Structures are given as structure tokens and as C-alpha cells.
Amino acid sequence: MKGLFLAGAALALMATPASAQVTKVTIQADKPGPTIDRQIFGQFAEHLGTGIYGGVWVGQDSKIPNVRGIRSDVVAALKAIRVPNVRWPGGCFADEYHWRDGIGDPAKRRVTVNSNWGDAIENNAFGTHEFFDFVEQIGSDAYVSINVGSGSYKEAADWLAYMTADTRNTAGQERAANGRKEPWKVKFLGIGNENWGCGGNMRPEYYADELKRYARFTRNYNPTQQAYFNPANPSSPTPNPDQMLRVAVGPSDDDTSYTEGVMKAWKERDWSWSMEGLSLHSYTVVKWPPAYDSVNFGEKEYAEIIQSTLKMDARIKLHSAIMDKYDPEKKVPLIVDEWGVWLAKLPGSPDGFLQQQNSMRDAVVAALNFNIFARHADRVRGANIAQMVNVLQALILTDGPKMVLTPTYHIHQMYLPFQDATLLPVTFDAGEYRQGDIILPRVDAVALRAKDGKLWLAAVNLDPKRPASIHGAIAGIRAKGASGTVLTAPKVNSINTFDAPDAVKPRAIKARVANGNVEIELPPHSVTMLSIDE
Ligand code: AHR
């Protein structure tokens, strides 16, 4: 790829020989950029296949170690990666979910059919209380998506009251009678899901009208989430960092109709409603329906998937440009609340369960997407990978009592320094990786200053065959040392299985330092996180 990247923007063109090359990376540590919001590491847990049932919820009587029905191995793994938020209950499921089915005596809960996902029987054992128990166990925030497609304003408003009102209110008393006295915190409220598709196939104007009513009437009563009253400026309350953020349904892939329609409505809003996020759904898929096998693929399929995932950058630019038109101050974040690689279902797995394996290639996909989100940190302030356990690009796979962490999980762990870090400009020549007609960048890099002040360089070698040498310099500063972790594997389609859970696992690395510059060789198909001592 011919180009230099400065915090994500292609700046200049420079031809580079495709063979052995040294990539010079210069970090501008003295030019801090925007904060990389930790919410870009959000998860998505839909009632879909074994994403919840089996993957998170096993029930209190299970032999699988659990706390109040929630499996302890999965909780421990998720705690370790400091999941900032979990989006629930869907997905398409959200627009058919009726929250009252999932509260009260489990033995008396309604049994329904999950028509979106394989007609599975939904016994509603995992409902509102179980979800909040789960997010509290992993130390995360709740992202609740309300039912706009087949619900009502009243149903949604009642759910919010049930979750957030205190016990002076009948809704709070009902919650307390069901075992939870204190109101819960709802950090994100998704107002529908894909209402351009499975959520009711609405025109953007129609959805925008629905949005106005849901945004107004689904009130959060939690006393800790209210805007502060500011006596000096009574008409303009001081924002509360814990305030609930209402996320409107936005675009899919390159379709800009919802971006235009919803942002126009927001621009023309009056005092009665607002929104604090616009969602983008964009999957890595070569063509629909997804047919590529998650394990048996060759270099051509590898390159096609990487090419598809890199479209995320252009998509964010496309929608950001429209958002800038209506919101030049970037008040409304773009929340990429469904992203990830969508492949063919595993042979023998049930239809509609979206089960796939997760390979080293998918770790590269995850790292590239986080790098893209980081470069767009000024607008992208949230994202949710699809999905957390057992579904699509899962971080965790389970089978009965067995659990395995996928290569995608390891990227989440390696990228922990990204959480609320400051993006730093970085310049480099990305080089080229060619496969047939496909030309891709050979390396990718992001620099950041973590919250604890440490300087980090994240570097991806996209080339599945050739190593890449990086010579990193910090403008005006001599590096003293550098070490970190690298994730790679013998093959780009190496996977972790229940029998071989550590086939793809990060290992420690140390870089050479010469003349104040950091030198490191990136193995083929690898992701490296390097902490640089200044
Ligand atoms: O993640 C699977 C599905 O993909 C979600 O339910 C839906 O929102 C999207 O189409």
C-alpha cells in the first residue's frame, strides 16, 4: 500500500518495494490527540444460539461452577479484559423481546420461540435481573436495547422505570419484591435495533418519528444518573458522566439513508428529546450469505476477508462526514455496536445459531478494527463486537463445562492499554501485501499514551508469509527500551480448541534499541503491543 498514515489519514504517496523492507514509524509523543474511549471494547450478548444459554447462563443447579446461575469461568475471563459494556438482549431479538416475560418466579416465566434464531425455545430464565447480575459480576456497564419493532412506548417506559426507579415508585417496589432494592444503572439505551431491517423495515423518516417518542418517554429515574442541577444556570443542567446515553439506530454498511434521516431529525430537534449516539452496523463479510469456512481457508480467502474488514475505515469516514454536516462539534458519537467477521456456520451446528471458529486471522481482523476505531476516536466513542460468547467472532467458546479463549479474546487483553488512552500521531509507510488482484497495506500501526502515562505502539503485520521489520522513533526523544507481547501462530488459520487451548497465545517480546530507536521484527500474520520506555 502506498501511503503514510497520520492518525489514520493517508497523507502522502510513496512507492515502496514490496520485498524485504524496514518500516520506519515515527511517533509524535508531543502532539496528543483525542481520547480512545474504552467503550470501543464493548461486547454484544444476544439471545442467539448458545450466546446466553450455555455460554453465560447455566442455571443454579448446574454442575458447572456458577454464581446464581452465571458461569464462573466466563465471568473470570471477562473480568480480566475489563469489558466496559454489554449490549443485550439483541440484536434482532431485542425487537421481539417483552421484558415482563423475563422477570419474577423463573418457574412461571413464559416460554416463547426465538423466531429470529433457529426457532429455539426461549424459557426466559435469563431476564433483566440475571442480566444485571451478570454485568455486575464482570464489572461492566449495561447497554439495554429496547423493543421498538413490536413493543410499545408504554412497554419501554415501564421497563426503564422497573430498572431505574427507586422504591418510592411502584415499579421500584416491584423490582425490590423480585430481589433488587437498589435501582440499576443503564449506561446505554439502544432505541431499537436495525429498524431498517429486522426491526420493522422502517423508512428513516418513520424511524426518526418513533425515535423522538421513545427518546422522550423512556425515562431513566436512577438518582445517580440525573444531570446535575446548576443553580448558576438553571436552564442548562451540568452533564453527569454517568448519564444514560440514548443510541439511535443508524446506518448499515455504506447505506447513508439512516445517517442522513436521523442526524437531520437530531439537528432539528426541540427541547423535548435528544440522543447521545448513532449506531453503525458493519460486518466483515465477503458476500451474503456468509459462506467462508472459519478454519479451512486459503490465502485468497484470507486476503478477501482482510480487504473486507478494512472497509470499516471508509465507512466510518462516510458516515462521519454526514454527521459532521449536522453535528460539527461531534456531540453525537458514532457507536459501532455490531461489528466482526461473519463466516459460514460450523458443520453440524444448528441453523440460526451462527457458530463459527475463531482463528489467528480473526485476531488480525480484531486488531485492525480497534486501530481504525482508535484513529477515529474523535467520533467513534463506542463499539460492540458481535458477539461475546459462542456466536460469530466470539471471544469465548464453551461446550458444556469446557471453555476456551479465542485469538480474538487475546487481542482484547493485549489492547487493554488502549482503554481511555490518548491517541498519538504516527507516520509510517504501510508498504504492500499483494494477493492476486488484491493490494493491502502490509503493516498497520497506532501509537498511544495509556492512562498511566506509558507510551505504546500497536503494530500489525497483515502479510501472512513475510515478516516485517519496524524501526520506531519518538520524535525528539531517545527510547531507552521496549517490551511487550506478540500474538501469532504457526498458520493464519491456527485456532484454539478445547483440546489445544493455547495454540494461539500471546508471548512476551523485547525489542532492540539502537541510537534511541526501537527495532523489532513482526512475524507474519501477527499483532504486537510494545511499551516503549522514554
Ligand atoms: O449479530 C447477529 C445479528 O446481526 C443481529 O441480531 C442483528 O442486529 C444483525 O443483523
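Residues numbered from 1 in each chain as written. Predicted model: local features only at pLDDT ≥ 70, side-chain atom pairs only at ≥ 80, totals over all residues. Heavy atoms only, no water.

## Brief notes about the overall build of the chain
Okay, step 1: Counting secondary structure elements, the chain contains nine helices and 29 strands.
Okay, step 2: Against the compact-globule benchmark of 24 Å for 534 residues, the chain has a radius of gyration of 23 Å, which places it among compact chains.
Okay, step 3: Taken over 534 residues, the chain has a buried fraction of 58%.
Okay, step 4: Summing over all exposed atoms, the chain offers an accessible surface of approximately 20,900 Å²; the carbon and sulfur share of this is 53%.
Okay, step 5: With 58 positive and 59 negative side-chain charges, the chain shows a separation of 4 Å between the mean positions of the two kinds. (Helix = DSSP H or I, 4+ residues; strand = E, 2+ residues; numbered from the N terminus. Rg over C-alpha atoms; globule rule 2.2 N^0.38 Å. Buried < 20%, exposed > 50% of the residue type's maximum accessible area, 1.4 Å probe, protein only. Areas by Shrake-Rupley, 256 points an atom, 1.4 Å probe, with all protein chains shown as cover. Lys, Arg positive; Asp, Glu negative; His and termini not counted. Charge placed at Lys NZ, Arg CZ, Asp CG, Glu CD.)

## Looking at the domain arrangement of the chain
Okay, step 1: Domain parsing of the chain yields domain 1 (21-32 + 426-533) and domain 2 (38-229 + 239-419).
Okay, step 2: For domain 1 versus domain 2, the distance between C-alpha centres works out to 30 Å.
Okay, step 3: Every contact between the two is made by 40 residues of domain 1 and, on the other side, 38 residues of domain 2.
Okay, step 4: Taking both partners together, domain 1 and domain 2 bury about 3,100 Å²; carbon and sulfur atoms supply 72% of that area.
Okay, step 5: Taken together, the links from domain 1 to domain 2 amount to two salt bridges.
Okay, step 6: Only strand E20 (433-435), strand E21 (438-440), strand E22 (443-449), strand E23 (455-461), strand E25 (481-487) and strand E29 (526-533) provide two or more residues apiece to the side of domain 1 that touches domain 2.
Okay, step 7: Partitioning the side of domain 1 that touches domain 2 into residue classes produces 25 nonpolar, 10 polar and five charged. (Domains from an automatic or database assignment. Contact = heavy atoms within 4.5 Å. Buried area = accessible area lost by both parts, 1.4 Å probe. Salt bridge = Lys/Arg side-chain N within 4 Å of Asp/Glu carboxyl O. Nonpolar A, V, L, I, M, F, W, Y, C, P; charged D, E, K, R; others polar.)

## Some points on the site of the ligand
Okay, step 1: With respect to spatial proximity, the complete set of residues near the ligand consists of Phe44, Glu46, Gly91, Cys92, Trp117, Asn193, Glu194, Tyr283, Glu338, Trp342, Gln387 and Leu392.
Okay, step 2: At a separation of 3.0 Å, an oxygen atom of the ligand approaches a polar side-chain atom of asparagine 193.
Okay, step 3: Within the side chain of tyrosine 283, one N or O atom sits 2.7 Å away from an oxygen atom of the ligand.
Okay, step 4: In the complex, 93% of the free accessible area of the ligand, which totals 280 Å², lies under the protein chains.
Okay, step 5: Taken together, the residues of the shell around the ligand break down into six nonpolar, three polar and three charged. (Near = heavy atom within 4 Å. Polar contact = N/O pair within 3.5 Å; in protein donor to acceptor, adjacent residues only side chain to side chain.)

## What to know about the packing of aromatic side chains
Okay, step 1: Scanning all chains against the criterion turns up 24 aromatic pairs.
Okay, step 2: Between the aromatic rings of tryptophan 88 and phenylalanine 131, the centroid separation amounts to 4.4 Å while the plane-to-plane angle is 10°, which identifies the pairing as stacked. With tryptophan 88 in strand E7 (residues 85-88) and phenylalanine 131 in helix H2 (residues 128-138), the pair connects residues that are 43 residues apart, well separated along the chain.
Okay, step 3: A relative accessible area of 0% places tryptophan 88 in the buried class.
Okay, step 4: Ring centres of phenylalanine 370 and tyrosine 415 lie 5.8 Å apart, and the angle between their planes is 40°; on these two criteria the pair is classed as tilted. One end of the pair, phenylalanine 370, is in helix H8 (residues 360-375); the other, tyrosine 415, is in the loop between helix H9 (407-414) and strand E18 (422-424), with 45 residues separating them in the sequence.
Okay, step 5: Accessibility expressed as a relative area gives 0% for phenylalanine 370, which makes it buried. (Phe/Tyr/Trp six-rings, centres within 6.5 Å; stacked < 30°, edge-to-face > 60°.)

## As for the pattern of salt bridges
Okay, step 1: Per the stated rule, a full pass over the model turns up 35 salt bridges.
Okay, step 2: One salt bridge in this structure joins aspartate 141 and lysine 185, with 3.3 Å as the shortest N-O distance. Of this pair, aspartate 141 sits in strand E10 (residues 141-146) while lysine 185 is found in the loop between helix H4 (170-177) and strand E11 (186-191), placing the two residues 44 residues apart along the sequence.
Okay, step 3: Two residues, aspartate 324 and lysine 330, come together in a salt bridge whose shortest N-O distance is 2.9 Å.
Okay, step 4: Overall, aspartate 324 belongs to the partly exposed group, its relative accessible area being 29%.
Okay, step 5: Of the residues examined, lysine 330 reaches a relative accessible area of 22% and is grouped as partly exposed.

## Remarks on the layout of surface pockets
Okay, step 1: What the largest pocket holds in volume is close to 1,100 Å³.
Okay, step 2: Lining the largest pocket we find 35 residues, and of these Ala227, Gln243, Met244, Arg246 and Glu276 sit closest to its centre.
Okay, step 3: Of the residues that constitute the lining of the largest pocket, the class distribution is 14 nonpolar, 11 polar and 10 charged.
Okay, step 4: If you add up the space inside the second largest pocket, you get close to 360 Å³.
Okay, step 5: Along the walls of the second largest pocket sit 17 residues, with Arg68, His129, Glu130, Asp133 and Asn178 positioned nearest its centre.
Okay, step 6: Here the lining of the second largest pocket gets five residues from one element, more than from any other, and that element is H2.
Okay, step 7: For the lining of the second largest pocket, the per-class residue count stands at six nonpolar, five polar and six charged. (1 Å grid on protein atoms, 1.4 Å probe; cavity = no way out; pocket = protein on both sides within 12 Å on 5 of 7 lines; lining within 4 Å. Points joined across faces, edges and corners; volume = space filled by probe spheres on them.)

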